[in-house]
Amino acid sequence: MNMIFRFTEKYITLLFLLTNVFFASGQEYELQKSGSKKIELTLSTAYNKSYTYLEATEWKSIPSIALLNHKVKSIEVYSLTNGKLLESIPLFEDGPNRVGNSTTAFHIYAPDSIFVFDSGPLMFSLINNKGEKLNSYQNSDAEILGNPIPFVPYKPLSIQSKNGKLHVTGIRVYKPFYDDKGKLLVSINIKTGKEEYLFRRPQFYEKVFYASPQAALPHFAINGEFFVISTPSSNYIQVNEKDKPAKYYLAKSAEIDTIMPYATKMPSFIDPNTMAEESVLKPNYQSIIYDPYRNFYYRIAKIPPTKDQWMSTKRRIGKMTVIILDENFQKVGETEIDYTKYDVNGFFMSKEGLNFVNMEKYGQNEDELVFDAFVPVRKSGRRNGISSRFDLPHH
């Protein structure tokens, strides 16, 4: 079965490679630093790469960045113009305005309409900027399936709104996901609370099992009528447009070959040590980001360490790269990111570019957050290979 899986994927990969090469413009790009933004933190606890969620927003017409640290129990909105605090939105754990005590993400629909996600009861709450609850949305699968993960509690969480609907990654990570009813995206009508399941995981990957739950957690980007879906275990992205059939585009890292599953069906038992090693040593794709200012897409890839590196140093990451796709979903470049310097999950889009939290500068001053922005720049000449680098890791 593994041989068939590998042969089929390689055949499809070759076919898509030939198609992409035929239609690609041949122009290569690389990400280059375009500037920095700094905000003066007023959070009562430090920025945490694992728990702090952030989102770019227009707060009352001011370009802003909003931060959540679940330990602080508030959402802080800072101006990207002068770095000052604009709003502090409390998150209540008890009483009629309770949003839960396991908040992991949020989405600002409007200054008086903010969705807060709690991973405990798997619930979205709609609050205003005073923290007063306006509505709540409980996923209907929670009671039926016992304890699934219908909303993804991992960071970064894909949450976006469009045309009066809230869209969020909504697959089931455990066994119910691996049957024919597995869902990929949940759409919630903001007024009625009615749920609608959209799209499915690529059929080729629907039956197999990956040891790491995150290998089955997709991310998405919205561009007009396009839903662009990135499945971590697939070298392809899935593009849906209205009621048209899904299209698939090869969007692989030069560092990643076939991503083999742990098993071709749900195993009855998995050794915890084997699962830990599998989850570390398998590559995956972590986010898909649309750049509306330049009409590019960015796909973040995690390249694992070698088994020797993992056994000797327990380093969980080899390197991180950003794959650059043009408006036609053709790969036009790939740039390595120094994950020891940047929080590659702490990102947002702005006119200045794709912004990452500079953890190196934050280590020097915990009262400030510095965001370095990067933009795709045309290379002066074609080079062998497609990988370029900046701020290479030191190891």
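Residues numbered from 1 in each chain as written. Predicted model: local features only at pLDDT ≥ 70, side-chain atom pairs only at ≥ 80, totals over all residues. Heavy atoms only, no water.

Novice: Residue-level account of the sheet that holds strand β2 (residues 53-59), with values.
Specialist: Taken together, four strands build an open sheet; the order of strands is β2-β3-β4-β5 and the sheet is antiparallel. Each end of this open sheet is capped by a strand with a single partner; those strands are β2 and β5 (85-90). When the angles between neighbouring strand axes are averaged without regard to direction, this sheet yields 20°. (Pairing = 2+ DSSP bridges. Helix = DSSP H or I, 4+ residues; strand = E, 2+ residues; numbered from the N terminus. Axes fitted to C-alpha atoms, helices over the stretch in contact; angles between N-to-C directions.)

Novice: Explain the sheet that holds strand β17 (residues 247-250) to me, using residue names and the numbers behind them.
Specialist: Whenever strands of a sheet pair, they do so through backbone hydrogen bonds, lying parallel or antiparallel. The strand order across the open sheet built from four strands is β14-β15-β16-β17, with neighbouring strands paired in antiparallel fashion. With one partner strand each, in any of the chains shown, β14 (219-223) and β17 form the two edges of the open sheet. Strand after strand, the sheet turns through a mean of 25° between neighbouring axes, direction not considered. With four bridges connecting them, strand β16 (residues 236-241) and β17 associate as antiparallel partners. Directly across from Y236, in β17, lies its bridge partner L250.

Novice: Quick one: what's the story with the nonpolar core, residue by residue and with numbers?
Specialist: Grouped together as the largest cluster of nonpolar side chains are 26 residues, with contacts concentrated most on I75, I114 and F124. Of all the secondary structure elements, the ones that give two or more residues to this core are β2, β3 (62-69), β4 (74-79), β6 (103-110), β7 (113-118), β8 (123-127), β11 (165-169) and β12 (185-189). If we skip the residues at most four places from it in the chain, I114 touches W59, I75, I89, H107, I108, S125, L126, I127, N128 and N129. (Core = buried A, V, L, I, M, F, W, Y, C linked by side-chain atoms within 4.5 Å. Buried < 20%, exposed > 50% of the residue type's maximum accessible area, 1.4 Å probe, protein only. Contact = heavy atoms within 4.5 Å.)

Novice: Could you give an account of the pairing of strand β21 (residues 331-337), naming the residues involved and the relevant values?
Specialist: The element β21 is extensively covered by neighbouring structure, given that six of its seven residues are classed as buried. With six bridges connecting them, strand β20 (residues 319-325) and β21 associate as antiparallel partners. Across the sheet, residue L325 finds its bridge partner in β21, namely K331. Turn length for the β20-β21 hairpin, with the two strands adjacent in sequence and antiparallel, is five residues, and the turn residue F329 shows positive phi of about 65°.

Novice: So what's going on with the layout of surface pockets? Which residues, and what values?
Specialist: In this structure, the largest pocket encloses a volume near 1,100 Å³. Contributing to the lining of the largest pocket are 37 residues, with E55, A56, Q160, F348 and M349 lying nearest its centre. Where the lining of the largest pocket is concerned, the elements lending two or more residues are β2, β3, β6, β10 (159-162), β14, β18 (284-291) and β22 (342-350). The greatest single-element share of the lining of the largest pocket, amounting to six residues, is contributed by β2. Taken together, the residues of the lining of the largest pocket break down into 20 nonpolar, eleven polar and six charged. (1 Å grid on protein atoms, 1.4 Å probe; cavity = no way out; pocket = protein on both sides within 12 Å on 5 of 7 lines; lining within 4 Å. Points joined across faces, edges and corners; volume = space filled by probe spheres on them. Nonpolar A, V, L, I, M, F, W, Y, C, P; charged D, E, K, R; others polar.)

Novice: Could you give me a rundown of the confidence of the model for the protein, with the residues and numbers involved?
Specialist: Across the protein, pLDDT averages 79, with 76% of residues at or above 70. Across residues 142-154, where pLDDT falls below 50, the model places 34 contacts with residues more than four positions away in sequence or in other chains. (pLDDT = per-residue confidence, 0-100.)

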